[in-house]
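# A structural walkthrough
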Amino acid sequence: MSIASDEHAPVTKPKGRTRHELDAIETPLLRDAANWLVVFSGTANVVMQLANRPVAYGVMQSTVDEGNLFKNPHRRARTTLAYIAVCVLGTPAERAAMRKAVNGSHAHVRSDAAAEVAYNAFDPALQKWVAACLYRGSVESYTLVHGQLVDAAAEEYYQQAKVFGTTLQLRAEDWPADLAAFDEYWTSTLAGLEIDERTRAYLMKVVRMEYGPQRLPAWFERLRTRQVAGHLGPDFRRLMRLDWSSDDQRRYDAFNRRMRTLTLLSPRWLREAPLRVPLRDLRRRMAQGRPLL
């Protein structure tokens, strides 16, 4: 994933909250990743996840129409944001409820004997990769606003981010034990990734938002493609065969500087709105006994 430019000073703890407020938050560092960049970088995170071939084919061939982006885009967006929201801002009970709901959905996502690529949504290796991508994406959302996480804060953030995996079906011990072990896992897994032509064509449709009611204007499609490519960073841009120039980097950095300023000037309720809204919806569904996904 791309990282913040050098102008962002390293930080070791979240700022601007009292001790009482921090004590009331189970994952305070992870909470500081809750901002609008989670939404803006979401498509890039999908690309990262689907660079793992079985994950890609599990998504592309899934028969669960309710979660199909191209058949139910609003529901897919709602459930994806609700999952991230409950991981970052939710309670243990809410995460347990989400885990149960995801289990029910994933039970139908598995390949048949004749499939070109074997996949099973309960495969711990695939779930680890998905959770790892969510973690890396959250680090980027944090870093672009608050600066680099370093030393003990980086390790603490990583430990808090285990919820991305344990809210799926991963056990805590399935998650790499510490940040050094995660970095080794990430590097070794990245080396074996590939994006075939079928997956690339599917992902470019996602980038171009072809699941929407109408085609994007050409200028907006170019802007969106550049933003997705920027969030992907060089490794995944290479896998997607996306061009990247110094001018692209300059424009991408300028956009993120503006977003950083706006985010830091915003009250917390506005900053966290992209995750607070789906979390409130999830809580209403839980209270009413309605399906979460």
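Residues numbered from 1 in each chain as written. Predicted model: local features only at pLDDT ≥ 70, side-chain atom pairs only at ≥ 80, totals over all residues. Heavy atoms only, no water.

## Observations concerning the side chain of E272
Within the secondary structure layout, E272 lies in the loop between α15 (268-271) and α16 (273-288). A polar side-chain atom of E272 sits 2.7 Å from a polar atom in the side chain of R268. If we ignore the near neighbours within four places in the chain, the residues touching E272 are R31, A34 and L89. (Helix = DSSP H or I, 4+ residues; strand = E, 2+ residues; numbered from the N terminus. Polar contact = N/O pair within 3.5 Å; in protein donor to acceptor, adjacent residues only side chain to side chain. Contact = heavy atoms within 4.5 Å.)

## Quick word on the packing of helix α4 (residues 42-50) against helix α8 (residues 124-146)
Remark: α4 packs on α8, axes separated minimally by 9 Å, with the N-to-C direction vectors making an angle of 150°. Overall, the two elements α4 and α8 adopt an arrangement that is roughly antiparallel. The element α4 and its partner α8 pack so that their crossing is right-handed. Counting all contacts with α4, which are made through N45, M48 and Q49, the residues of α8 involved are W129, V130, C133, L134, R136 and G137. Of the residues belonging to the contact of α4 with α8, the class tally is 5 nonpolar, 3 polar and 1 charged. (Axes fitted to C-alpha atoms, helices over the stretch in contact; angles between N-to-C directions. Parallel < 35°, antiparallel > 145°, perpendicular 65-115°, else oblique. Left-handed = near helix turned anticlockwise from the far one by under 90°. Nonpolar A, V, L, I, M, F, W, Y, C, P; charged D, E, K, R; others polar.)

## Details of α8
Helix length check: α8 (23 residues) gives 32 Å between terminal C-alpha atoms against 33 Å at 1.5 Å per residue, within 8%. Along α8, 19 of the 23 residues are buried, which leaves the element largely enclosed by surrounding structure. Sitting at the amino-terminal end of α8 is D123, which places a side-chain oxygen 2.9 Å from the backbone nitrogen of A125. Looking at the residues trailing α8, positive phi occurs at G147, about 95°. (Expected span 1.5 Å × (residues − 1). Buried < 20%, exposed > 50% of the residue type's maximum accessible area, 1.4 Å probe, protein only.)

## What to know about a nonpolar patch on the surface
On the surface, W36, V39, F40, W269 and L270 cluster together into a nonpolar patch covering about 490 Å² of accessible area. Only α3 (37-40) and α15 provide two or more residues apiece to the nonpolar patch. Tracing the backbone through its elements, the reader meets W269 in helix α15. (Patch = residues over 30% accessible without salt bridge, like charges linked within 9 Å, V, L, I, M, F, W, Y side chains within 5 Å. Areas by Shrake-Rupley, 256 points an atom, 1.4 Å probe, with all protein chains shown as cover. Salt bridge = Lys/Arg side-chain N within 4 Å of Asp/Glu carboxyl O.)

## A few points about the nonpolar core
Formed by 74 residues in total, the largest nonpolar core has its most connected members in Y135, Y157, F164, W186, L232 and F236. Of the residues forming this core, the biggest block, 10 residues, is contributed by α8. (Core = buried A, V, L, I, M, F, W, Y, C linked by side-chain atoms within 4.5 Å.)

## Comments concerning the confidence of the model for the protein
A low pLDDT score tells you not to read the predicted coordinates there in detail. With 91% of its residues at a pLDDT of 70 or more, the protein has an overall mean of 87. Low confidence marks residues 1-25, where pLDDT is under 50. Its contacts with residues over four positions away, or in another chain, come to 49 contacts. (pLDDT = per-residue confidence, 0-100.)

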